[in-house]
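Observations on the three-dimensional arrangement
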Amino acid sequence: MAEITLDGQKVEIADGSMVMHAAEKAGTYIPHFCYHKKLSIAANCRMCLVDVEKAPKPMPACATPVTNGMVVHTRSDKAIKAQQSVMEFLLINHPLDCPICDQGGECQLQDLAVGYGGSSSRYEEEKRVVLHKDVGPLISMEEMSRCIHCTRCVRFGQEVAGVMELGMIHRGEHSEITTVLGDTVDSEVSGNMIDLCPVGALTSKPFRYSARNWELSRRKSVAPHDSSGANLIVQVKNNRVMRVLPLENEAVNECWLADRDRFSYEAVNADQRLTAPMVKQGGEWKTVDWQTALEYVANGLKQIKGDHGASAIGLLASPHSTVEELFLAGALVRGLGSQNIDHRLRHAQFAPAEGVRWLGTSIASLSDLQRVLVVGSNLRKDHPLFALRIRAAARKGAAVSRLHDSEHDWAMPLASSVAAPAGQWAQVLADVASAIAGQKGSTAPADGTATDAAKAIAASLLSGERKAILLGNAAAHHANASTLLALAQWIGEATGASVGYLTEAANTVGAQLVGALPGQGGLDAGQMLAGGLKAAILLNTEPEFDSAAGARAAEALAKSEMVVTLSPFKANLAFSDVLLPIAPWTETPGTFVNAEGRVQSFHAVVKPLGEARPAWKVLRVLGNMLGLPNFGYESANEVLAAARGAADVDKPMAQADLLVNRTSARIDLSVQAGTPATAAIYQLDGIVRRAESLQFTADGQAALPQSTRQAAAAREEALA
């Protein structure tokens, strides 16, 4: 530790720290632009110049290491004059367009210019002009003349996203940030560059010119897509979601956000929203009131139960639904006497689990792993924020190994990578287990061959201290999922690695905790989607796109006597009989349980659109109309308390004794398995699929059918 004097205050800080770090610890603000706590030090902007005694000139606080006994002045005349001089140079070529700049009201340069800028400029020459760049549908680089060359965006791409998509060309006043090749910025976390930009050079293209910063109210929420449970700030104007930004939570999403969570809000304002109940009569959809629609559903369920028995009724729920919605969905189905409920829509194997599948470790610990084996996941696209953490671990020397069906670019160094068809994954893990058994002199759990690839993975897992085996979406949805888990379990025990599932959706863990699974004798999702139901209730899901059955699901459901869809959108029109408009995550209170078992509740940030209602309220009223017991809940908190079995709804973590990634299933290497059903990054759920800007990204276009891509290209050409 070193002790320095900062503005007369003694500060003790670790050796190797910079003056800026000492100032942060002391609560002293030093103006800066290029410095960011999550990025490397560049010392580009020079705005953080401070007066260090015995130094011949002002020194940059972000790049000056502390030494014992150092005396630093951040507010002396020498420091202030240096900072004012830097500000004058920064403003020389900066355009005077604050009144029309999208960054106005939240601009670092604007704020610091008030404190350190002059009242008038001495610069009379023409200002430089930088031509705009088109880098895709998410980031606007229309006003690059505003750029002050802090290089935060460049360093973020290099160090955090793993892909250097932006860089600086030329020198001096001719310097500019560009993609060099004129291509687009396609990173799945590119929106963070907008947050990092301290001026109005990089702005949000979907949000551009739609509202001013001071017009927006800010409300906290939780991301509704993948299982990271990223914390959000949702910005609202006139009861309309205008923008989504990250809420810093070091234990969950740090200060980052995936583009999927940042830009999917477009869907909640889309024309495809369902705003009133609808019933199909004579093959045509008619808008009706809630009473009529719910009576139609209740009477239909009673009649089908009377004609075919309760076992003919089933409910398919999206794992993106809240804890409250899933709990009441289960209570509704079981109250009718059926055990047919399932959230595992993309699974191919439905063996009962011995516990709740979860990450097996904390999210924060992923950043400090030394050895990682990822099985059956396109990590970078399936779980962008988990990929950031594992990429950070790799930058610190972690050895990352992968088993998947293709060599996706993860934008990080890989120690080992095995590309094998899904049907061979169990054998590859058996080979790794055999290699480990050979090293330890123990008995392998299954017949395997210690191939060179298996030996490399085994050697990696047998070394190091902090280790994890992570099973991805494809491993969870695999036709031989239990064998993959059993082998991973053995390898983890033999090497001291934690074993866990990355888990697919925002509430996959929560769905298991509240029992959104078939009971004794109940049909699983595969059986229900194969035509096992006379009455189907679809909660927040479109089986044609959200299930392993795909188009076959639509054909099977079309043969049912009644299909009820609860959705925020006009979905499942071809085979539904009733559409009930429910509120998306922005319009309802609820709770998600993320991959590490963290329980996170959130409130509605806007009022429901039109006649839409929170799904928990719809299910509660439907339960009342069916005469089911225990459906008298008055708030989402009451439902959550009932789901938890206790009134303590603020408990930070899920019940640890339930979070168990174990199986006693027999290892079977003979199971024939095809390609598991997984979703592309911007096809994960109904909200993302309807976010227009995300669909125009490179990842979005790659997942669309050729005809749709051609139509989109024609539309873009017409707009141009």
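Residues numbered from 1 in each chain as written. Predicted model: local features only at pLDDT ≥ 70, side-chain atom pairs only at ≥ 80, totals over all residues. Heavy atoms only, no water.

**Regarding the overall build of the chain**
Formally: In this description a helix means any DSSP run of H or I spanning at least four residues, a strand means any run of E spanning at least two, and both kinds are numbered starting from the N terminus. Two things to know: the radius of gyration comes from C-alpha atoms, and the globule rule equals 2.2 Å times the number of residues to the power 0.38. Each residue is assigned to one of three classes by its accessible area relative to the maximum for its type, calculated with a 1.4 Å probe on protein chains only: buried under 20%, partly exposed between the two thresholds, exposed over 50%. Contact criterion: two residues are considered in contact whenever any of their non-hydrogen atoms come within 4.5 Å of each other. Only the protein chains shown count as cover for residues, and all accessible areas are computed by the Shrake-Rupley method using a 1.4 Å probe. Under the convention used here, Asp and Glu are negative, Lys and Arg are positive, and both His and the chain ends fall outside the count. For the purpose of locating charges, the reference atoms are NZ of Lys, CZ of Arg, CG of Asp and CD of Glu.
Scanning the chain from terminus to terminus reveals 24 helices and 27 strands. For the chain, the C-alpha radius of gyration of 28 Å lies close to 27 Å, the compact-globule estimate for 720 residues. When the 720 residues of the chain are sorted by exposure, 58% land in the buried category. In the chain, the proportion of contacts linking residues at least 24 apart, taken out of those at least 6 apart, comes to 70%. A total of about 28900 Å² of accessible surface is found on the chain, and carbon and sulfur atoms cover 50% of it. A distance of 2 Å separates the average location of the 67 positive side-chain charges in the chain from that of its 76 negative side-chain charges.

**Considering the packing of helix α8 (residues 323-335) against helix α19 (residues 615-625)**
For any two helices packed against each other, the geometry is given by the interaxial angle and the distance between the axes. Just so we agree on the cut-off: Axes here mean lines fitted to C-alpha atoms, for a helix over just the part in contact, with angles spanning 0 to 180 degrees between N-to-C directions. Roughly parallel refers to an angle under 35 degrees, roughly antiparallel to one over 145, roughly perpendicular to one between 65 and 115, and oblique to any angle outside these ranges. Each crossing gets its handedness from the near helix: less than a right angle anticlockwise from the far helix is left-handed, clockwise is right-handed. Asp, Glu, Lys and Arg are counted as charged, while Ala, Val, Leu, Ile, Met, Phe, Trp, Tyr, Cys and Pro are counted as nonpolar; the rest, among them Gly, fall into the polar class.
Packing of α8 against α19 brings their axes to within 9 Å, and their N-to-C directions diverge by 20°. Here α8 lies roughly parallel to α19, going by the angle between them. In this structure, α8 meets α19 at a crossing whose hand is left-handed. Here E324, E325, L328, A329 and L332 of α8 come into contact with α19, specifically with A615, W616, L619, R620, L622 and G623. Within the contact of α8 with α19, the residues separate by chemical class into seven nonpolar, one polar and three charged.

**Here we look at the environment of A387**
Within the secondary structure, A387 is located in helix α10 (residues 384-395). The exposure class assigned to A387 is buried, which follows from its relative accessible area of 0%. With sequence-adjacent residues up to four places away left out, A387 is seen in contact with L379, R380 and M412.

**Regarding the sheet that holds strand β18 (residues 371-375)**
What counts is decided by this rule: Here, any two strands with at least 2 DSSP bridges between them count as paired.
The strand order across the open sheet formed by five strands is β20-β19-β18-β21-β22, and the pairing between neighbours is parallel. Strands at the two margins of the open sheet, each flanked by one partner only, are β20 (416-419) and β22 (498-501). Pairwise comparison of adjacent strand axes, ignoring direction, gives a mean angle of 10° for this sheet. Examined bridge by bridge, β18 and strand β21 (residues 467-471) share five bridges and lie parallel to one another. Residue pairing across strands places V375 opposite L471, the latter belonging to β21.

**Describing the pairing of strand β24 (residues 562-567)**
Within β24, six of the six residues are buried, which leaves it mostly tucked inside the rest of the structure. Every second residue of β24 is oriented toward a common face, with M562, V564 and L566 on one face and V563, T565 and S567 on the other, all of them buried. Direction of pairing for strand β23 (residues 535-539) relative to β24: parallel, over a ladder of five bridges. Each bridged residue has a counterpart across the sheet, and for A536 the counterpart in β24 is V563. Across four bridges, β24 lies against strand β25 (residues 578-581) in parallel orientation.

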